[in-house]
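Observations on chain architecture
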Amino acid sequence: MEVNKRKVFWMDLIFFLILLALGAYFFYKSAPPANAPGSGNVVTSTSAVSTDLPEGVTVEDLGDGNKLVKNEKDGYSVEVKNNYVIEKTPDSNLSVSSYPDNNNIKKDLFDYRVVMTTKIGNLDNINIDTKNACKDNLDCKSYSIDNVVKNGISWKKIMYTGDYLGSDWPEFVTEKSGKIISLYFQYSDNSFINEVLNNFSF
Amino acid sequence: MGGQRKGLLYLFIIIFSFLFFGSVRAENVLDVPFILQFPPGTGWGFTKNCGPTSYLMVDSFYTGRNLSVQTIKDVDDWLYLNYGKSINNYNGSLTDIDDLKNISIKFGGFFDEDIELSNSFNEVKSAIQNNLPVIIKVYTNMRIKGDYDVVHFMVLTGISGDTVYTNDPGKTAGKNKAYPLQQFLYAWSLQNNAAIIFYPPGHEKNLENHASNLFFDLFNLGTNIFDIQNILPNDNSQNVKGETEVAVQPENNNTVYTASITDKNQTLEVEPEQVVDIVVKVKNTGNTTWQKNLISLNVVGGELENQKFYNSSWKTHLRPTVLDADVGAGETGTFSFKIKSPEDIGSYNFQAVIVRQNGLQFSNVGSDVFVLNLKVKEKEVVVHPVVPVEENNINILDQVKQTVDDVINKVNDIVDNVKNFLSHPGSGSSGSSNNITNTNTENNNNSSTPAIEIPESKLFFTVSSSPSLTNLVTTTISGEKSVELVNLEINNVDSIISTSGTTWSTELNLVEGENDLLLSFSNLENSKVVTGTLQIVLDSTAPNKSVVNSVLNTDDSPQLNLTWQSEDSGSGLDYYIVEYKMSTDTDWQSIFEKTTSTELNFPVVISNTYEFRVQAVDKVGNESVWSNESEDNPILVDWSKEVVINEISYAPTYFGGCGGEWVELYNSQNSDLDLSGWSLEISNVISSSTVVLSGFVSSTSYKVIGVSNISDTGVKIILKNSAGKIIDETDQSAGWFATPSFTHARSMERISASLSGNSKNNWRENNSLRFQLQNNCGQNYSSQGLDNNSYYYL
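Keep in mind the model is a prediction, meaning the values are calculated, not measured.

Attention now goes to the overall build of chain B. Within chain B, the secondary structure is distributed over 11 helices and 43 strands. The buried share of chain B, reckoned over its 794 residues, is 35%. For chain B, contacts bridging at least 24 residues in sequence account for 65% of all contacts bridging at least 6.

Helix and strand content of chain A: three helices and 11 strands. Counted from the first residue to the last, chain A has its helices and strands arranged as α-β-β-β-β-β-β-α-β-β-β-β-α-β. Within chain A, counting contacts between residues at least 6 apart in sequence, those at least 24 apart form 38% of the total.

Below, the discussion takes up the sheet that holds strand 35 (residues 688-692) of chain B. Residue and element names in this part refer to chain B. Ordered by their spatial adjacency, four strands build an open sheet running 35-34-38-39, and the pairing between neighbours is antiparallel. The sheet terminates laterally at strand 35 and strand 39 (726-731), the two strands that pair on one side only. On average, each strand axis in the sheet is inclined to that of its neighbour by 15°, with strand direction left out of account. Relative to strand 39, strand 38 (residues 716-720) runs antiparallel, the two being bridged by five bridges.

Segments scoring low in pLDDT should not have their predicted coordinates read at a detailed level. Residues and elements named next belong to chain A. Summarising the model, chain A shows a mean pLDDT of 81, and 84% of its residues fall at 70 or more. Per-element mean pLDDT across chain A ranges from 72 in helix 1 (residues 2-30) up to 95 in strand 10 (residues 179-186). Every residue in residues 31-50 is under pLDDT 50, and counting partners more than four places away or in other chains gives 26 contacts.

All names here are of chain B. Where helix 2 (residues 50-63) contacts helix 4 (residues 97-107), the two axes come as close as 10 Å, and the packing angle between them is 40°. Accordingly, the angle class assigned to the pair helix 2 and helix 4 is oblique. Two packed elements cross with a definite hand, and for helix 2 against helix 4 that hand is right-handed. Counting all contacts with helix 2, which are made through G51, P52 and Y55, the residues of helix 4 involved are D99, L100, I103 and S104. Grouping the constituent residues of the contact of helix 2 with helix 4 by class yields four nonpolar, two polar and one charged.

Our next topic: the sheet that holds strand 21 (residues 503-509) of chain B. All names here are of chain B. Across the sheet, three strands lie side by side as 17-21-20; this open sheet has antiparallel pairing. With one partner strand each, in any of the chains shown, strand 17 (474-480) and strand 20 (497-499) form the two edges of the open sheet. Strand after strand, the sheet turns through a mean of 20° between neighbouring axes, direction not considered.

In this section: helix 5 (residues 121-129) of chain B. Residue and element names in this part refer to chain B. For helix 5, the complete set of buried residues consists of F121, V124, A127 and I128. Angular distribution of buried residues about the axis of helix 5 spans 125°; they occupy a single face of the element. Residues of helix 5 that are buried make contact with strand 1 (115-118), strand 2 (134-139), strand 3 (151-160) and strand 6 (195-198). Immediately downstream of helix 5, the backbone of N131 shows phi near 65°, a positive value.

Ranked by internal contacts, the top residues of the largest apolar core, which has 90 residues, are V58, V134, I135, F184 and I197 of chain B. Once you skip the residues sitting within four places of it in the chain, I135 of chain B turns out to touch S54, Y55, V58, L100, F153, V155, A195 and I196 of chain B.

So, about the environment of N526 of chain B. All names here are of chain B. Mapped onto the secondary structure, N526 falls in the loop between strand 22 (513-522) and strand 23 (529-538). Assessed through the 12 C-beta atoms surrounding it within 10 Å, N526 is described here as exposed. Sequence spacing of N526 and N487 is 39 residues, and the spatial spacing of their C-alpha atoms is 8.0 Å.

A separate point is unusual backbone geometry. All names here are of chain B. Note the cis peptide between F38 and P39, where omega equals -5°. As for its placement among the helices and strands, P39 is situated in the loop between helix 1 (2-26) and helix 2. Cis geometry marks the peptide bond from P39 to P40; its omega dihedral reads 15°. Residue placement: P40 occurs in the loop between helix 1 and helix 2. Despite not being glycine, N89 has its phi angle at roughly 55°, a positive value. Among the structural elements, N89 can be located in the loop between helix 3 (69-83) and helix 4. By C-beta crowding, N89 is classed as partly exposed, having 16 other C-beta atoms within 10 Å. Even without a glycine there, the phi angle at M142 is positive, about 55°. One can find M142 in the loop between strand 2 and strand 3.

This brings us to helix 3 of chain B. Residues and elements named next belong to chain B. Between the first and last C-alpha of helix 3 there are 21 Å, a value that for 15 residues agrees with the 21 Å anticipated at 1.5 Å per step. Every buried residue of helix 3 is listed here: T71, I72, K73, D74, V75, D76, D77, W78, L79 and L81. Here the buried face of helix 3 lies against helix 2, helix 4 and helix 10 (302-306).

Residues and elements named next belong to chain B. Averaged over chain B, the pLDDT score is 79; the fraction of residues at 70 or greater is 76%. Per-element mean pLDDT across chain B ranges from 31 in helix 9 (residues 238-241) up to 95 in strand 2. Contacts of residues 381-394 to residues separated by more than four positions or lying in other chains number 14 contacts, the stretch itself having pLDDT below 50. When the criterion is pLDDT under 50, residues 423-455 qualifies, and its contacts beyond four places in sequence or with other chains add up to 44 contacts. Reported confidences for the modelled complex are a pTM of 0.42 and an ipTM of 0.77.

Definitions and limits used
Residues numbered from 1 in each chain as written. Chains lettered and ligands numbered in written order. Predicted model: local features only at pLDDT ≥ 70, side-chain atom pairs only at ≥ 80, totals over all residues. Helix = DSSP H or I, 4+ residues; strand = E, 2+ residues; numbered from the N terminus. Buried ≥ 20, exposed ≤ 12 C-beta atoms within 10 Å, placed from the backbone. Contact = placed C-beta atoms within 7 Å. Pairing = 2+ DSSP bridges. Axes fitted to C-alpha atoms, helices over the stretch in contact; angles between N-to-C directions. pLDDT = per-residue confidence, 0-100. Parallel < 35°, antiparallel > 145°, perpendicular 65-115°, else oblique. Left-handed = near helix turned anticlockwise from the far one by under 90°. Nonpolar A, V, L, I, M, F, W, Y, C, P; charged D, E, K, R; others polar. Arc of directions from axis to C-beta. Core = buried A, V, L, I, M, F, W, Y, C linked by C-beta atoms within 7 Å. Expected span 1.5 Å × (residues − 1).

In structure tokens, the structure reads:
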């Protein structure tokens, strides 16, 4: 009888400890995240509406309805129509955007745009990089890489296809002086794409 | 001690249960109905409907309304008509928080107090925990790809630990899509933490009504009080309320659609909630014919503003009607529709504009605005002369009063005549004035030779139901008549009539063409006759089978230029029905349900096979047989193929490994062709190259083009002429059609130059073996420069 009582005691204790552990776990899980702020504004926005330009970028009005956008830091320029808006993106890249109403620009609510980025590197591994990028994106079903020559510049046109917003948006990449220059077109039709590529130069 | 332990254990179990179930509630993810933002639209690369789609998901959460592509289109239409936001082929326009608020209140059924704009994470989290859905303004993929992502609306459905759950309309697997909390907070912050919390529609009003009930279930309110007009079409009402896509009408740059509205300002006095018929006359001042189902009258001011005028006969809540009939350039047409007057006394302006639908695009026709000023007055308002009240709308008291007045007048007439008779005895009766036409004959009360007449009741008959044009050989006509008239002769032949005193009907057997009918009603004694004439045209002959012709045009985007024509010797052609199907389809698809057009440029895809059929309908509804009856006419769409890609060697075909890689062209024409400026484009997923051609290729001869390094796994080859037009192609980029296992060099040859280069069955491995000793390279396993349909041995 003494043994049985002892067994019952230990079983009670083990059951109690298991419950305690489970309770502590769920209590921990139900707590708000430690870094969630207590007040209304969680993170101060860093993208206040602004038309300032990325470092090294200048815009020159050519007086013929066009303007010349020069990125002296990365060594390229592109001539675009005056009604396009030249902006610095939240990641400090250069973008050329078309808005429905230039007198009432609502940041991010553009009709279409191209984002221009530059990074150190080359295109030696573009095939495998593109393949892996598609593989890592659960929404990506296929990809393509085409060679395109525009205004004397050889571009690789990369497109990912799948059932998701942003599918089929083309990215044109080329390399120059150890840098990869990328033009990523969002919501853009062929006329805008050709317009930018035909007027892009180093 | 044992009792204390058990007590502690029970206490802990109770505390644990609270914690456990509390945590379960915190991890609850709302079951918000889900729909993708595409379709509608032209593709995933262009869709901007995330805002409207997110709203519709919330709307459906509260109302249970079905989500469909049409509901998204309805919001796009509404945004265009009310805020000028481009429909953009139903890709929509990017929307902002203010737009969603407007949609919720003015398009949907939410009240101002149901919408809470919030920038607070705690408020948003609290809302989710209280089962309130929240629309958040963030980025695609929660901006995990930085600038490669764009601003995007989603419905927040749950927050649990370090994960948020959203209904992301931009992904096929978007239902309760999980994102890291930190990623959400970052993406959200870049949009100033913009969010909309949705309470059940009308929740404050209902809370006031149920304030005394402490246990009132807040979340049952939605379906009970969401009593706005059902703006979203269901399966049964889609044809009435929803817009449907029409086929895109071909037009050139010179086509002008413009209009002027005749009498564009009208005033009407009506009773409350009276249904009145409106006719708007418009002149086609453009240079092209308007098709009646493509030109419509649309209200101005949006659905809610015009709800007070809405009548169930409207095409949609924004579109009262379409044209009554086709209107040629310079002609005047009409829009006929009903509107309901508002229930409150007052003055109201109903406004509408003319709109043209083309495919999925809507555009204004002219700038005139039709304005109808409705003055809603009390009951005694006289029915406006311009607008007929709906039939049978005279109340019974008015009918009784009118009947009594008629009887009194008749009695007075009789009394007057009896007085005349007594004061002028001896005069004969003119009661035998037979042959009364359908308008009553006048009594000949000539004052100079006063005739004394016994007044006879006015004999008449009417034909109230008779077609002037019909396709039915046996046709029934009917009407009203005087009670005394019991016999009917039609063209002097007795006819059997069915009568119930004052009404009559009879059946006619018509002959093809015009039927001139003389109707003679008479009384029992045949002493009194009333006659009238009637013409009915019988057209029971269907239009001829339509002749359909097609011309393939590959100059620009491939398209078939279709034309069709039929004839009708009877009432004349009214419209055509045009349908198509792909060879792989079983069901026919509609191109035109009704069109008077006889041509169409139909976009096609190379290598696909299409079938078209046309049916003509005449003005009385006779339908011709389909144009493809007993003669299927599938059209295989292919390039023009004056020169074809005839043979391919992607590895040297000489046993000795020499000879290089090449593509052979074949000129199937009867004349030589100059290939200067022509090109071969050879590409696959990872590379592409262009070979510019030169020189001539003789008639029915071959030309071999050397190409370096053709991929062993397959390529796509496109042959273009000097103008850049594609002449032929073979797409084998997914793998060569023949010799798939590359073991040794044999060429691949096309079997027929007239069949598609994209057809796998049109290619085979070359089976030749030739010695060409001059290059000292051994056997050649190809028919390079020779006919493919022969085998060459030695």
